[in-house]
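# Close look at the chain arrangement
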Amino acid sequence: MINVAVGGKIGFFEDDVPNEGYEKPWHNSDPNVTEKFWEAKELWYPTWKGDDAAMQVESVKMWQVE
């Protein structure tokens, strides 16, 4: 599995932990996680540094298990 977590409420990002000078704008128990994440885009969007911050996959290997 290849995954880039950008929010959510399943524990990838702990509550009340500062990042880039501010705390995460939602709590894992909040039912409106997606809305709160989007409403705070002026905080997190500047931290996304274009292609240099993107996950870049050079190759993928696959095996068949019998």
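What comes next is a walk through the structure. (Residues numbered from 1 in each chain as written. Predicted model: local features only at pLDDT ≥ 70, side-chain atom pairs only at ≥ 80, totals over all residues. Heavy atoms only, no water.)

## Comments concerning the overall build of the protein chain
Regarding its fold elements, the protein chain presents two helices and two strands. The order of helices and strands in the protein chain, counted from the N terminus, is β-β-α-α. Counting only residues that meet the buried cut, the protein chain has 15% of its 66 residues in that class. In the protein chain, once contacts between residues fewer than 6 apart in sequence are set aside, the share between residues at least 24 apart is 23%. In the structure as shown, the protein chain presents an accessible area of about 6,100 Å², 54% of it carried by carbon and sulfur atoms. (Helix = DSSP H or I, 4+ residues; strand = E, 2+ residues; numbered from the N terminus. Buried < 20%, exposed > 50% of the residue type's maximum accessible area, 1.4 Å probe, protein only. Contact = heavy atoms within 4.5 Å. Areas by Shrake-Rupley, 256 points an atom, 1.4 Å probe, with all protein chains shown as cover.)

## Topic: the pattern of salt bridges
This model, assessed by the stated rule, comprises one salt bridge. Of the charged contacts in the structure, one is a salt bridge between Asp30 and Lys36, with a shortest N-O distance of 2.6 Å. (Salt bridge = Lys/Arg side-chain N within 4 Å of Asp/Glu carboxyl O.)

## Structural notes on a nonpolar patch on the surface
A surface patch of nonpolar side chains, about 650 Å² in accessible area, is lined by Ile2, Val4, Met55, Val57, Val60 and Met62. Residue position: Met62 is located in the segment after helix H2 (41–44). (Patch = residues over 30% accessible without salt bridge, like charges linked within 9 Å, V, L, I, M, F, W, Y side chains within 5 Å.)

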